Every structure is written in C-alpha cells, then in structure tokens.
Amino acid sequence: MPRKEKKILLFIVEGSNDEVALGMPLENLQKSFSRDDMIMFGITHGDITSDFKVKKAADEIVNCAKKYCEIYKLKKSDIYKIVLLIDMDGAYIPSDAIITSDEHNKAYYGEDADGFRSFFCSPELALSNDYKKSWDAIQQGLNSLHRHSNMNVFFDMHYPMHDV
C-alpha cells in the first residue's frame, strides 16, 4: 500500500511571536486528529491588510505561500489549506479611544492542546460560532480593542471536540 504523503496546513502570521505562541499548541492539536498532516507557518513580517504598499492582501498571501514552497521545496499540492491570522489591534475603534503605552504582553501557549482549544472557544474570547457574525461583532464599539477571537470557528470546523 503506498504511503500517504503529509499535507500541510499553512498558517500565515504577522511575526515570529505569533509562531512561538501558536505553533506548539496547534501542532499538538493537529497530532490528536491526524498524524498525516502538518502545521507550518509563513511569516509576513507585519500586517499585510493595513500595509499601504500592499495593493491586494490576497496577492500577498499567494506570494507568501509561493515563497514558502520555494524555500522548503514544496509543490502547491502539498498545501491543503492556508489560514491567514491577523490581530485587530483596535482597527475599528474611533480615534478618540486610542491610548498609547510602552507596555505590551507576550503570550506563550504550551503543550496542553485541549486547554489551548478551550481558551479560544471560551465565551470571554469567542464572539460568535459563526464566521460572518464574529466579524460583524468585532466591528462594533470598542470590540476590536478587547481580547476576542474567531479561532473557535476554525477549531469547530477542523478540530471538533473529542467525545468523552
């Protein structure tokens, strides 16, 4: 029987801190569902959705994936899905709500894949179980400043909770 080749789920993130914070937990979560697929990261070195030099974010995503394939000697068919992760950084707040600070926190998630998933699916973080509704909600008031995520929608689609 021929060996099934691993397929890659490519996460495109803004920087290496995103890879450090998300890499190990996502890899552990992936392993609990399928050992035949791999999680890998491409880094854009900034927010491509707000960079004025980038005309179309979709083109930049394709370029990042192509560069990734060239570096690691992959074929386009080796990648079965590309996920772009961006942080909102208060993108939808009114300008009078902007506060500057020299402080910032760095997050690190370890080997607890179930805890990692539970964190992103918690009611405090997840605005909705629906992708479109989550984007509608993040645009309201100061929600884009708060700690919210729609990673729960991704997890529900790709890594449903295990039956106990």
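Residues numbered from 1 in each chain as written. Predicted model: local features only at pLDDT ≥ 70, side-chain atom pairs only at ≥ 80, totals over all residues. Heavy atoms only, no water.

**With respect to the overall build of the chain**
So, step 1. Helix and strand counts for the chain stand at five helices and three strands.
So, step 2. The buried share of the chain, taken over its 164 residues, is 34%.
So, step 3. Across the chain, contacts joining residues at least 24 apart in sequence account for 76% of those joining residues at least 6 apart.
So, step 4. Carbon together with sulfur atoms contributes 53% to the accessible area of the chain, which is approximately 11300 Å² in total. (Helix = DSSP H or I, 4+ residues; strand = E, 2+ residues; numbered from the N terminus. Buried < 20%, exposed > 50% of the residue type's maximum accessible area, 1.4 Å probe, protein only. Contact = heavy atoms within 4.5 Å. Areas by Shrake-Rupley, 256 points an atom, 1.4 Å probe, with all protein chains shown as cover.)

**Things to note about the pattern of salt bridges**
So, step 1. Here the structure, examined in full by the defined rule, presents two salt bridges.
So, step 2. Here D156 and R117 are joined by a salt bridge, their closest N and O atoms 3.0 Å apart. Residue D156 is found in helix α5 (residues 151-158), and its partner R117 is found in helix α3 (residues 113-121); the two are separated by 39 residues along the sequence.
So, step 3. Residue classification places D156 among the partly exposed residues on the basis of a relative accessible area of 38%. (Salt bridge = Lys/Arg side-chain N within 4 Å of Asp/Glu carboxyl O.)

**Let's talk about the packing of aromatic side chains**
So, step 1. Evaluated as defined, the whole model comprises six aromatic pairs.
So, step 2. Following the ring pairs from residue to residue traces out a cluster consisting of F11, F41, F119, F120, F154 and F155. (Phe/Tyr/Trp six-rings, centres within 6.5 Å; stacked < 30°, edge-to-face > 60°.)

**Section: the sheet that holds strand β2 (residues 37-43)**
So, step 1. The three strands are arranged β2-β1-β3 in an open sheet whose pairing can be described as parallel. Looking at the sheet topology across the chains shown, the edges are occupied by β2 and β3 (79-84). This sheet shows a mean twist of 20° between the axes of neighbouring strands, independent of strand direction.
So, step 2. As paired strands, strand β1 (residues 7-13) and β2 are joined by seven bridges and run parallel to one another. Opposite L10, over in β2, you have M40 as the bridge partner.
So, step 3. In the packing of helix α1 (residues 16-33) onto the sheet, the strands contacted are β1, β2 and β3, and the crossing angle to β2 comes to about 175°. (Pairing = 2+ DSSP bridges. Axes fitted to C-alpha atoms, helices over the stretch in contact; angles between N-to-C directions.)

**Comments concerning the nonpolar core**
So, step 1. Counting residues in hydrophobic clusters, the biggest one holds 20 residues, and the most contacted among them are F11, L26, F154 and F155.
So, step 2. When residues of this core are traced back to their parent elements, those giving at least two are β1, α1, β2, α3 and α5.
So, step 3. For F155, the residues in contact, after removing those within four places along its chain, are L26, L29, F116, R117, F120, C121 and P160.
So, step 4. Counting residues in each nonpolar core, the second largest holds ten residues, with I8, I48, I61 and C64 among its members. (Core = buried A, V, L, I, M, F, W, Y, C linked by side-chain atoms within 4.5 Å.)

**Some points on the environment of M151**
So, step 1. Structurally, the position occupied by M151 is in helix α5.
So, step 2. Expressed as a C-alpha distance, the spacing of M151 and C121, which sit 30 residues apart in the sequence, is 7.5 Å.
So, step 3. Ignoring anything within four residues of it in the chain, the contact list for M151 reads L26, L85 and F120.

**A short note on the environment of I61**
So, step 1. Note on placement: I61 falls in helix α2 (residues 57-72).
So, step 2. Leave out the neighbours within four places in its chain, and I61 touches I12, I48, I82 and L84.

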